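Residues per chain are reported as follows:
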Amino acid sequence: MTSSRTSGTRPRPAVLVEGGTVVGPGGVQRADVLVEDGVVAALGPGLAAPAGALRLDAGGCYVAPGLVDLHAHLREPGNEPAETVETGARAAARGGYSAVVAMPNTEPAIDSAAVVRDVLALGRDACVEVAVAGTITLGRRGEHLSPFAEMSALGVRLFTDDGRGVQDPSVLRRALEYGRDLGIVCAEHCEDERLAAGGHMHEGAWSSRLGIPGQSALAEEVMLARDLALVRETGAPMHFLHLSTAGSVRLLAAARAEGLPVSGEVTPHHLSLTDAEVATYDPVYKVNPPLRTPADLAALAAACAEGTIDAVATDHAPHPPEDKDRPFEEAPPGMIGLETALAVAYGALVVPGHLDVMRLFALLSWQPARLAGLTGAGHGGPLVPGAPAHICVFDPAAHGVFDPASGASRSRNTPFGGRELTGAVRHTLVGGEPVVIAGEAQR
Ligand code: DOR
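One structure accompanies this document, and this report is about it. (Residues numbered from 1 in each chain as written. Predicted model: local features only at pLDDT ≥ 70, side-chain atom pairs only at ≥ 80, totals over all residues. Heavy atoms only, no water.)

### Brief notes about the overall build of the protein chain
Where we set the bar: Note on conventions: DSSP H or I runs of at least 4 residues are helices, E runs of at least 2 residues are strands, and numbering of each starts at the N terminus. Only protein chains enter the calculation, and the probe is 1.4 Å; a residue is then buried if its accessible area is under 20% of its type maximum, exposed if over 50%, and partly exposed in between. Contacts were defined at the residue level, with two residues in contact if any of their heavy atoms lie within 4.5 Å. Each accessible area is a Shrake-Rupley result for a 1.4 Å probe, and residues are judged covered by the shown protein chains and nothing else.
Each helix and strand in the protein chain was counted, giving 13 helices and 19 strands. Each of the three principal axes of the protein chain carries a C-alpha extent, and together these read 65 × 45 × 45 Å. Each of the 443 residues in the protein chain was classed as buried or not, and the buried ones make up 60%. Considering only contacts within the protein chain whose residues lie at least 6 apart along the sequence, 74% involve residues at least 24 apart. As presented, the protein chain carries roughly 15,400 Å² of accessible surface, and 52% of it is formed by carbon and sulfur atoms.

### Observations regarding the packing of aromatic side chains
As a reminder, the rule being used: Whether two aromatic rings pair depends on their centres lying within 6.5 Å, for rings of Phe, Tyr and Trp, where Trp uses its six-membered ring; planes under 30 degrees apart make the pair stacked, over 60 edge-to-face, and the rest tilted.
Following the criterion strictly, the structure yields three aromatic pairs and no others. Taking 4.9 Å as the distance between ring centres and 15° as the angle between the ring planes, the aromatic pair formed by F148 and Y178 counts as stacked. With F148 in helix 3 (residues 148-152) and Y178 in helix 4 (residues 169-180), the pair connects residues that are 30 residues apart, well separated along the chain. For Y178, a relative accessible area of 32% puts it in the partly exposed group.

### So, the packing of helix 7 (residues 217-234) against helix 8 (residues 246-258)
Stated precisely, the cut-off is as follows: Helix axes use the C-alpha atoms of the stretch in contact, all axes being lines fitted to C-alpha atoms, and the angles between their N-to-C directions lie in the range 0 to 180 degrees. Angles below 35 degrees are treated as roughly parallel, those above 145 as roughly antiparallel, those between 65 and 115 as roughly perpendicular, and all remaining angles as oblique. Each residue is assigned to one class: nonpolar for Ala, Val, Leu, Ile, Met, Phe, Trp, Tyr, Cys and Pro, charged for Asp, Glu, Lys and Arg, and polar for all the others, Gly among them.
In the contact formed by helix 7 and helix 8, the axes pass within 9 Å of each other and the chain directions differ by 10°. When the interaxial angle is binned, helix 7 and helix 8 end up roughly parallel. Counting all contacts with helix 7, which are made through E220, E221, L224, A225, L228 and R232, the residues of helix 8 involved are G247, S248, L251, A255 and E258. Among the residues forming the contact of helix 7 with helix 8, the class breakdown is five nonpolar, two polar and four charged.

### So, the state of the cysteines
Test applied: A pair of sulfur atoms, both from cysteines and within 2.5 Å, is called a disulfide here.
Summed over all chains, the structure comprises zero disulfides. Note on C190: no disulfide assigned, nearest cysteine sulfur contributed by C186 at a separation of 12 Å. Residue C190 is classed as buried on the basis of its relative accessible area, which comes to 6%. Counting only cysteine sulfurs, C61 is the nearest neighbor of C392, a cysteine outside any disulfide, at a range of 9.3 Å.

### Some points on helix 13 (residues 357-372)
Note the cut-off: Multiplying 1.5 Å by the helix residue count minus one yields the expected span of that helix. Note on bend: the value at a residue is the angle between axes fitted to the seven residues ending there and to the seven starting there.
Taking 1.5 Å per residue, 16 residues should reach 22 Å; helix 13 reaches 22 Å between its end C-alpha atoms and fits that length. Maximum bend of helix 13: about 45°, positioned at L363. Judged by how many residues are buried, helix 13 sits mostly within the fold: 14 of 16 residues are covered. Note on helix 13: the residue one or two positions beyond its end, G373, has a positive phi of about 70°.

### Examining the sheet that holds strand 6 (residues 67-72)
Using the following cut-off: In this description, strands pair whenever DSSP reports at least two bridges between them.
With parallel pairing, the three strands of this open sheet are ordered in space as 6-7-8. The open sheet has two edge strands with one neighbour each: strand 6 and strand 8 (129-132). Neighbouring strand axes in the sheet, compared pairwise and without regard to direction, differ in orientation by 20° on average. Bridge count between strand 7 (residues 97-102) and strand 8: four bridges; the pairing is parallel. Pairing of A102 across the sheet is with V132, part of strand 8. Helix-sheet contacts for helix 13 involve strand 6 and strand 7, and the interaxial angle to strand 6 is about 65°.

### Describing the site of the ligand
Convention followed: Near residues are defined by distance, with any heavy atom within 4 Å of the molecule or strand qualifying the residue. In this analysis the probe radius is 1.4 Å and the grid spacing 1 Å, with only protein atoms considered; a cavity is a set of points the probe fits into but cannot get out of, a pocket is an open set with protein on both sides within 12 Å along at least five of seven lines, and lining residues have an atom within 4 Å of a point. A cavity or pocket is said to hold a molecule if more than half of that molecule's atoms lie within 2 Å of its grid points.
In the neighbourhood of the ligand, 14 residues make up the surrounding shell, with R75, N105, H189, N288 and H319 lying closest. With the chains in place, 94% of the 290 Å² that the ligand exposes on its own is no longer accessible. For the ligand, the cavity whose grid points lie within 2 Å of the majority of its atoms is the second largest pocket. Each residue belonging to the shell around the ligand can be placed in one class, and the counts come to three nonpolar, eight polar and three charged.

### Quick look at the layout of surface pockets
The gaps left among the atoms become clear once a water-sized probe is rolled over them. Worth spelling out the cut-off: Grid points are joined across faces, edges and corners, and a volume is the space filled by probe spheres set on the points.
Its volume calculated, the largest pocket comes out at about 380 Å³. Around the largest pocket, the lining is made up of 21 residues, and of these E339, F402, G423, A424 and V425 lie nearest the centre. For the lining of the largest pocket, the secondary structure elements donating two or more residues are helix 12 (341-350), strand 16 (391-401) and strand 17 (420-430). If one sorts the elements of the lining of the largest pocket by residue count, strand 16 sits on top with five residues. Considering only residue class, the lining of the largest pocket consists of ten nonpolar, seven polar and four charged. In terms of lining, the second largest pocket is formed by 19 residues, of which the most central are H73, R75, N105, H319 and P333. Tallied by class, residues from the lining of the second largest pocket come to four nonpolar, ten polar and five charged.

### Considering the environment of T414
Convention followed: By the criterion applied in these results, polar contacts are pairs of N or O atoms within 3.5 Å in which, for protein atoms, one can donate a hydrogen and the other can accept it, and in which residues neighboring in sequence qualify only through two side-chain atoms.
Along the chain, T414 falls in the loop between strand 16 and strand 17. For T414 and V63, which are 351 residues apart along the polypeptide, the C-alpha to C-alpha distance reads 26 Å. Once residues within four sequence positions are removed from consideration, T414 is found in contact with V284, I336, F402 and P404. Reaching out from T414, the side chain makes a polar contact with the backbone nitrogen of F416 at a distance of 2.9 Å.

### With respect to the pattern of salt bridges
For the record, the criterion: When a carboxyl oxygen of Asp or Glu lies within 4 Å of a side-chain nitrogen of Lys or Arg, that pair is called a salt bridge.
Throughout the structure, instances matching the rule amount to 17 salt bridges. With its nearest N and O atoms 2.8 Å apart, the salt bridge here joins E193 to R164. Here E193, found in helix 5 (residues 193-196), pairs with R164, found in the loop between strand 9 (158-159) and helix 4; they are 29 residues apart in sequence, far enough to count as distant. The exposure class of E193 is partly exposed, given its relative accessible area of 30%.

### Digging into the sheet that holds strand 14 (residues 262-266)
A sheet is described by the order of its strands in space; here five strands give the open sequence 9-10-13-14-15, paired in parallel fashion. Sheet topology places strand 9 and strand 15 (311-312) at the edges, where each strand pairs with a single neighbour. With two bridges joining them, strand 14 and strand 15 adopt parallel strand pairing. Note that in strand 15 the partner of V266 across the bridge is V312.

Next up, the structure:
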């Protein structure tokens, strides 16, 4: 995917990341990492700091390739009170990300080469790399296909109407046929709007008890099953966004076993929060797809461990208070997540023993980097001499309460505010530049 970020020609001081445990696709090792001129210069125990080098303490930390988010709503153009590319990128850096994919449900939608160019230009000065996803259909109206060829010529790899699914199967079929030959990937927000109509939370025991109209798991699973049939027919690859139900996991596992070219992601919130939270009637828990049941959470965690799910993606969805702080049924769905994703995923997956740290970083770094087409720019590692120094330093022993008011995002709609989280991002380097030091964004 085309890089939005100017790599910068100014000389940078060397950085020595000291005393950590380096994690990568190849394994785990105790090592210091020396960064010079934007790349990993050396890796090994007890490296000496060159004169003038910035020394970053990574004692007790994992030193991993920078995280890559497949799913971030940066809201620009059109909804700058909620977020901008600059503030969203800063939130991403604080979360340990070196690259994010900006979702196209903006105003106007990212459905033309001109808007792709605009968002890439905004990303050029951001502190992480900003890749851009395009819409599948013009204006996300589900009728006419976007100009895939001219957008993919600018490096756009993922196409999605996210926020909505493509309702008409004949439109998606044409998108898959057209996209297949261009080497792009259609990414679906699985939600059959007729089955979901009127639902504001998961349909189940809690929705009955609370008297809030529910949205059946079927709304997600029926569209996923339909899309898998279209993948089988066309041979085109598809990615499935924010899968949230045990039934979806079963469908995806069967499709993979059959050899279909499919991938799937889950969010930190669907791994860690259930529909019981909605009993507070707090709109911060309103999200699409809705929070599900403990059985769904267990199935999602198992799918992360078994490899059915390829990525943990944030679905960072900022909304300003004047929109979000409304009665549950009137509030827009979505929650921010870039700054808390790694700690929440660590707490949901590693702490209970579902998977080890290497697999966690696979889900948050090198697998999404591959799906986003960002490995060419060095995202997702591995951290070896000569590789671009995109680095996330994570302290798994840190305990802290996330305060949304001190976050980098323009919005504060997080359900994790005020909750104690296990683990914290200590430093983030992007292209060798320390963009976060000791938890503080540097620009
Ligand atoms: O909760 C959500 N919010 N789900 C989506 O798919 C879209 C997102 C948004 O853009 O606010």
